[in-house]
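An overview of the molecular structure
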Amino acid sequence: MVNKAFLSLAAVVLFAVFGTGVFVGTQVGGLSEEGPDSPEASEASPQPTDTQATTTPSGSDSPTEPSDDSDADDEEIVEREPIPAREFNERNISTTILANVNDARESEGLDPLSTSGSTAADVERMAESHSTAMADAGRAGHTIDEVTSADRYEQYDLYDTCQFQRESYIENAEDNDLEVIGKTFAGQQYPENGTQQFNENDTEVANALTDNWLSTAPFSDRLTYENADRIGVGVTVTNTGAVYATVNIC
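Attention in this report is confined to the structure presented alongside it. Just so it is clear, the structure is predicted and the values come from calculations on it, not from any experiment.

What counts and what doesn't
Residues numbered from 1 in each chain as written. Predicted model: local features only at pLDDT ≥ 70, side-chain atom pairs only at ≥ 80, totals over all residues. Heavy atoms only, no water. Helix = DSSP H or I, 4+ residues; strand = E, 2+ residues; numbered from the N terminus. Buried < 20%, exposed > 50% of the residue type's maximum accessible area, 1.4 Å probe, protein only. Contact = heavy atoms within 4.5 Å. Areas by Shrake-Rupley, 256 points an atom, 1.4 Å probe, with all protein chains shown as cover. Axes fitted to C-alpha atoms, helices over the stretch in contact; angles between N-to-C directions. Parallel < 35°, antiparallel > 145°, perpendicular 65-115°, else oblique. Left-handed = near helix turned anticlockwise from the far one by under 90°. Nonpolar A, V, L, I, M, F, W, Y, C, P; charged D, E, K, R; others polar. Salt bridge = Lys/Arg side-chain N within 4 Å of Asp/Glu carboxyl O. Pairing = 2+ DSSP bridges.

1. Some thoughts on the overall build of the chain
Along its length, the chain carries 9 helices and 7 strands. Across the 250 residues that make up the chain, the buried fraction comes to 32%. Pairs at least 24 residues apart make up 69% of the contacts formed inside the chain by residues separated by at least 6 positions. Accessible area of the chain: about 15,900 Å², with a carbon and sulfur share of 50%.

2. Quick notes on the packing of helix α5 (residues 90-107) against helix α8 (residues 202-214)
Orientation of α5 relative to α8, taken along the N-to-C sense of each, is 40°, at an axis distance of 8 Å. When the axis of α5 is compared with that of α8, the two are oblique. Where α5 crosses over α8, the handedness of that crossing is right-handed. Of the residues in α8, those in contact with Asn92, Ile93, Thr96, Ile97, Asn100, Val101 and Ala104 of α5 are Asp202, Thr203, Val205, Ala206, Asn207, Leu209, Thr210, Trp213 and Leu214. Taken together, the residues of the contact of α5 with α8 break down into 9 nonpolar, 6 polar and 1 charged.

3. Examining the pattern of salt bridges
Under the definition given, this model contains 7 salt bridges. Within this structure, Arg91, Glu124 and Glu128 form a network of salt bridges that share partners.

4. Structural notes on the sheet that holds strand β7 (residues 242-249)
Here we have 3 strands laid out as an open sheet, ordered β3-β7-β6, and antiparallel in their pairing. Every other strand in the sheet has two partners, leaving β3 (179-185) and β6 (231-237) as the edge strands with one partner each. The mean angle between the axes of side-by-side strands here comes to 15°, regardless of whether they run parallel or antiparallel. The sheet strands contacting helix α6 (residues 118-137) are β3, β6 and β7, and the helix crosses β6 at an angle near 30°.

5. Notes on the side chain of Asn172
Positionally, Asn172 belongs in the loop between β2 (169-171) and β3. Overall, Asn172 belongs to the buried group, its relative accessible area being 17%. For Asn172, the contacting residues outside a window of four places in its chain are Tyr159, Gln163, Asp177 and Leu178.

Here it is in structure tokens:
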């Protein structure tokens, strides 16, 4: 009787031990099947993502944030719509140049330069001819096709006529001393002194030329000779909006 009871108790103990081992083994086997190489383990482990890779430190520029450089917008060049060259009038530009020159002379207490008379008409034709020559050559210069300023005064029979007393000597056409030339642009954006300029009408074209001359020696000196009395102005506007101007003094 004792032996049977002992055997029954032993059987229960063995069954309990065996069952616990199976339960523990099942749990250990589950960790092994879902180890680091399994898909679930890969998704759970920390990996760099596209968002993490493009994240920038706080306070720095990022692709989705505007730059802190507020000067960038200020330095942007605003493109102006070109104005056709045919909208500009060469005679109006010449008239405004004359008015500007005489205003400058008046401010210095000098007599205005005249455009009346046959001599002034010849000086004007000479100036117009030279502006056309500069436009054809595509550059501003006193000498075009080896013809100098003094040569032109000779060709128009103005060399002797246009001599006049200046201080203690006689001023004449040698060394370009009776001529002022310039180039600008009409209706076209162009750089000058590090900034973009735009002359949108005849007055602005004339002002751009005379402002430059009156602030530049020796051009300012030539336009304000005390004993000069005649002036000729010639302006040529090309199809591309380049403006060539000549002022001759007599």
